Amino acid sequence: MSDKRQRARVQGSWAKQLPKHSGPAAPNHQQHNRVQTAPTSWGCGPQKTQNTFEFNQPSKPVREAPPETVIEKKGDHEISHGPSGVSRLRLLPGFLPSEEADWMFSKLLAELPWSQKTNYRQGEAYDEPRLTCWYGELPYTYARSTMAPNTQWHPLLFTLREAIERVSGCNFNSLLCNLYRDGHDSIGWHSDDEASLGDKPIIASLSLGDTRVFSLRKQPPPEENGDYTYVERIRVPLGHGTLLLMSGATQDDWQHQVAKEYHDRGPRINLTFRTIYPEPEGHRPGTKMRFTAKQP
Ligand SMILES: O=C(O)CCC(=O)C(=O)O
């Protein structure tokens, strides 16, 4: 039983008596039955409906997951304070005016060298559910597959990088571009915490095209043994022209994803500007700072 259904049951919202029959009084033999049989229109035969119940207080208090927070307001948001430090988001909706964003979206969709990356999990190859391309003087390895260095920056990406560097006060030497072709494309739970990104990386993420929900979930404490059921969660809708900066301990203490959606979504481009450092010597490329979920 799902957590929500279980809570509803314990709180007694299912424990209402059926509404009293408003017609003529039922014959005596029916009134005294604890379990009635009622005809159904489903053709599945008679259905048992209980008209009395017993409510037992559960012996253990029911543990509830904290309600999900939604961040939509422009500005700085400290999302947690942990032993590894403060995790921060800065959300700038309308960073690009809508008409400029329209023009950039069409140009980048048509002109970037989008391709299908194949990743590996336990020795098995699988295609990422999105298209990508990479810019930077160094290669970038994640999910056991490497994107080769590419210094042929599209001129528009240079302009965007400069604008983002001005507003963030940070410098970026690399860019991972993601193309979500429709609502079926996605990126699974992960943190951007490969050793090549350095300690406490700052990631600047610019969204163009259809709005998608960027979700975050807190890393569970060690006693939860990797169970995310009761962790804090945040949703950040990322619309056309929105800039999101992640900094501080965000990659240590949180994971993020863009989940599949089950209603129509148009294409969306996400540009994540990063700083990449040479992999430490004797280090296997793509190794995480700490173990996290696999990245689909
Ligand atoms: O598309 C997004 O907003 C997120 C992309 C992302 O998580 C990544 O590139 O690591």
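Residues numbered from 1 in each chain as written. Predicted model: local features only at pLDDT ≥ 70, side-chain atom pairs only at ≥ 80, totals over all residues. Heavy atoms only, no water.

By the naming in an unreviewed UniProt entry, the chain is Alpha-ketoglutarate-dependent dioxygenase alkB homolog 3, taken from Xyrichtys novacula. Among the UniProt annotations of the chain, the heading Subunit (unreviewed entry) holds the following wording: "Interacts with the ASCC complex composed of ASCC1, ASCC2 and ASCC3. Interacts directly with ASCC3, and is thereby recruited to the ASCC complex. Interacts with OTUD4; the interaction is direct. Interacts with USP7 and USP9X." For the chain, the Sequence similarities (unreviewed entry) comment in UniProt is given as "Belongs to the alkB family." (UniProt positions renumbered as here; feature names shortened; annotations may be inferred.)

## Observations concerning the sheet that holds strand E8 (residues 131-135)
In space, the 7 strands of this open sheet follow the order E4-E5-E16-E13-E18-E11-E8, with antiparallel pairing throughout. For this open sheet the edge positions go to strand E4 (75-82) and E8, each flanked by a neighbour on one side alone. Taken pair by pair, the neighbouring strands of this sheet meet at an average axis angle of 15°, ignoring direction. Of the pairings in the sheet, the one linking strand E13 (residues 203-209) to strand E18 (residues 268-274) comprises 6 bridges and is antiparallel in character. Looking at the pairing, Gly209 lines up with Arg268 of E18. Along the sheet face, helix H4 (residues 155-168) touches strand E5 (85-92), E8, strand E11 (174-180), E13, strand E16 (242-248) and E18 and points at about 60° away from the line of E18. (Pairing = 2+ DSSP bridges. Helix = DSSP H or I, 4+ residues; strand = E, 2+ residues; numbered from the N terminus. Axes fitted to C-alpha atoms, helices over the stretch in contact; angles between N-to-C directions. Contact = heavy atoms within 4.5 Å.)

## Digging into the pairing of E18
Counting buried positions along E18 gives 7 out of 7 residues, so the element sits mostly inside the fold. Residues Arg268, Asn270, Thr272 and Arg274 point to one face of E18 and Ile269, Leu271 and Phe273 to the other, with burial holding for every one of them. Note: E11 against E18, 7 bridges, orientation antiparallel. Bridged to Leu176 within E18 is Thr272. (Buried < 20%, exposed > 50% of the residue type's maximum accessible area, 1.4 Å probe, protein only.)

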